[in-house]
Amino acid sequence: MRKSHPVRRAVLAGAATVSGIVLLLSLKPASDPDSASAAGGAAPPVAAQSPQGGRGAGSGTVTGDAARTQYGPVQVRVTVSGGKITRAEAVQAPKGGQSDQVTADAVPKLNQAAVAAGNADIDAVSGATYTSAGYAKSLQSALDKAAAAAGANAGAGAAEEGAGAGQGTQVLTGDAAQTQYGPVQVRVTVSGGRITDVEALQAPKGGRSDQVTADAVPKLNRAAVAAGNADIDAVSGATYTSAGYTQSLQSALDRAGG
């Protein structure tokens with residue numbers, strides 16, 4: 001029998017290897033990030049991009065890019081503490097007409113889903129497909145920014161940690177303050193001796209109160225973070241809610257030692 005030449009065997013082996021690689025690449029699914037949004041689904045999961053866990057994940061509040069939808073822009077702000085999403089809120093959402101009701105129903109559910117999932121891979125809320133898709137898109141951009149900032153500040157973070165040793169991060173819930181229109185209860189996050197996040201766990205609801213709460217609470221949250229204490233101005237048109245908010249906020253800060 002005629003023996004195969006060694007060079008011939010090497011060439012054949014090399015050709016088989018190349019063919020195998022080409023076959024594997026042909027089987028890899030194409031990635032089309034726009035297809036999920038076009039179908040009304042949530043944005044793709046952040047996977048390794050998400051600042052969940054790991055060294056250098058850090059803490060902070062980041063606002064995502066505004067995502068344009070058929071009914072108006074959606075923009076999400078996310079708070080990351082200890083490498084985990086502790087809060088997500090929509091600073092912009094569709095409004096006017098039927099959109100008010102859709103937003104009031106969908107946004108709280110999307111906020112809860114984002115915190116529970118820890119990334120932007122969340123299900124759309126039934127009846128709010130466009131809002132859900134815009135929310136997930138803006139949330140993803142916020143997480144991308146948080147991850148980038150964590151990487152850039154990894155070295156500086158070590159120095160800051162040493163400077164603020166012993167202060168840590170605390171999440172404290174204030175007493176529920178009773179108002180003429182219902183209870184108001186605030187939860188505050190204090191990190192490194194500073195307020196980094198505030199949210200209302202309870203606020204007046206039902207009828208006109210829904211609109212007042214939707215307008216006033218985000219403003220009160222921002223004011224509390226900016227002021228660093230409970231000495232904040234009342235929101236026009238929401239006097240009772242503002243008073244209850246500051247009362248509950250103060251009780252939470254008292255638990256944190258002021």
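In the block above lies the structure referred to throughout.
Residue numbers restart at each chain and count upward from 1, following the sequence in its written direction. Under the rules for a predicted model, residues below a pLDDT of 70 receive no local features and side-chain atom pairs below 80 are neither given nor counted, while totals for whole chains, interfaces and linings still include all residues. Note that the side-chain values use all heavy atoms of the structure and ignore hydrogens as well as water.

### Side note on the side chain of Gln-185
Okay, step 1: Only DSSP runs of H or I covering at least 4 residues are called helices, and only runs of E covering at least 2 are called strands; the numbering of each starts at the N terminus. By the secondary structure assignment, Gln-185 is in strand β6 (residues 182-191).
Okay, step 2: A polar contact is formed between the side chain of Gln-185 and the side chain of Gln-202, at a distance of 2.8 Å.
Okay, step 3: If sequence neighbours within four positions are ignored, Gln-185 has contacts with Thr-173, Gly-174, Asp-175, Ala-176, Glu-199, Ala-200, Leu-201, Gln-202 and Ser-248. Here a polar contact means two N or O atoms within 3.5 Å. Within protein one must be a hydrogen donor candidate and the other an acceptor candidate, and residues neighboring in sequence count only if both atoms are side-chain atoms. Here, residues are in contact when the closest pair of their heavy atoms is within 4.5 Å.

### Focus: the environment of Thr-246
Okay, step 1: Structurally, Thr-246 can be placed in helix α7 (residues 239-255).
Okay, step 2: With residues up to four places along the chain from it excluded, the contact list for Thr-246 reads Ala-230 and Ile-232.
Okay, step 3: Within the local environment of Thr-246, its side chain forms a polar contact with the backbone oxygen of Ala-243, the two atoms lying 2.9 Å apart.

### Comments concerning the sheet that holds strand β2 (residues 75-81)
Okay, step 1: One requirement defines pairing of two strands: DSSP has to find at least two bridges between them. Strand order in the open sheet formed by three strands is β1-β2-β3, and the pairing between neighbours is antiparallel. Pairing within the sheet leaves two strands with one partner each, and these edge strands are β1 (60-63) and β3 (84-92). When the angles between neighbouring strand axes are averaged without regard to direction, this sheet yields 20°.
Okay, step 2: Pairing analysis gives four bridges linking β1 to β2, with the strands arranged antiparallel. Residue pairing for β2: Val-62 is matched across the bridge by Val-78. For helices, the fitted line uses only the C-alpha atoms of the stretch in contact; every axis is such a line through C-alpha atoms, and the angle between N-to-C directions lies from 0 to 180 degrees.

### Some words on the packing of aromatic side chains
Okay, step 1: Between the rings of Phe, Tyr and Trp (Trp by its six-membered ring), a pair exists once the centres lie within 6.5 Å; its type follows the angle of the planes, with under 30 degrees stacked, over 60 edge-to-face, and the other angles tilted. The tally for this structure, following the rule as stated, stands at two aromatic pairs.
Okay, step 2: Between Tyr-71 and Tyr-130, the aromatic rings sit 5.6 Å apart at their centres with planes inclined by 70°, giving edge-to-face as the arrangement. Of this pair, Tyr-71 sits in the loop between β1 and β2 while Tyr-130 sits in helix α4 (residues 129-152), and the two are 59 residues apart along the sequence.
Okay, step 3: Note on exposure labels: buried denotes an accessible area under 20% of the residue type's maximum, exposed denotes more than 50%, and partly exposed covers the range between, all computed with a 1.4 Å probe on protein chains only. Residue classification places Tyr-71 among the partly exposed positions, given a relative accessible area of 48%.
Okay, step 4: When its relative accessible area of 43% is taken as the criterion, Tyr-130 is described as partly exposed.
Okay, step 5: Geometrically, the ring pair formed by Tyr-181 and Tyr-240 is edge-to-face, given 5.6 Å between the ring centres and 70° between the ring planes. Of this pair, Tyr-181 sits in the loop between β5 (177-179) and β6 while Tyr-240 sits in helix α7, and the two are 59 residues apart along the sequence.
Okay, step 6: Of the residues examined, Tyr-240 reaches a relative accessible area of 43% and is grouped as partly exposed.

### Thoughts on the pattern of salt bridges
Okay, step 1: For salt bridges, the criterion is a side-chain nitrogen of Lys or Arg within 4 Å of an Asp or Glu carboxyl oxygen. Tallied over the entire structure, the rule returns nine salt bridges.
Okay, step 2: Put simply, Glu-89 and Arg-77 hold a salt bridge, and the shortest N to O gap is 2.6 Å. Of the two residues, Glu-89 sits in strand β3 while Arg-77 sits in strand β2, which places them twelve residues apart along the sequence. Judged on exposure class, the residue Glu-89 and its partner Arg-77 are both buried.
Okay, step 3: With its nearest N and O atoms 2.4 Å apart, the salt bridge here joins Arg-255 to Asp-175. Of this pair, Arg-255 sits in helix α7 while Asp-175 sits in the loop between β4 (169-173) and β5; the two residues are 80 residues apart in sequence, bridging distant segments of the chain.

### Thoughts on the environment of Ala-128
Okay, step 1: With respect to the helices and strands, the residue Ala-128 is situated in the loop between α3 (98-117) and α4.
Okay, step 2: On the accessibility criterion, Ala-128 (5% relative accessible area) is buried.
Okay, step 3: For Ala-128, the contacting residues outside a window of four places in its chain are Val-102 and Ala-106.

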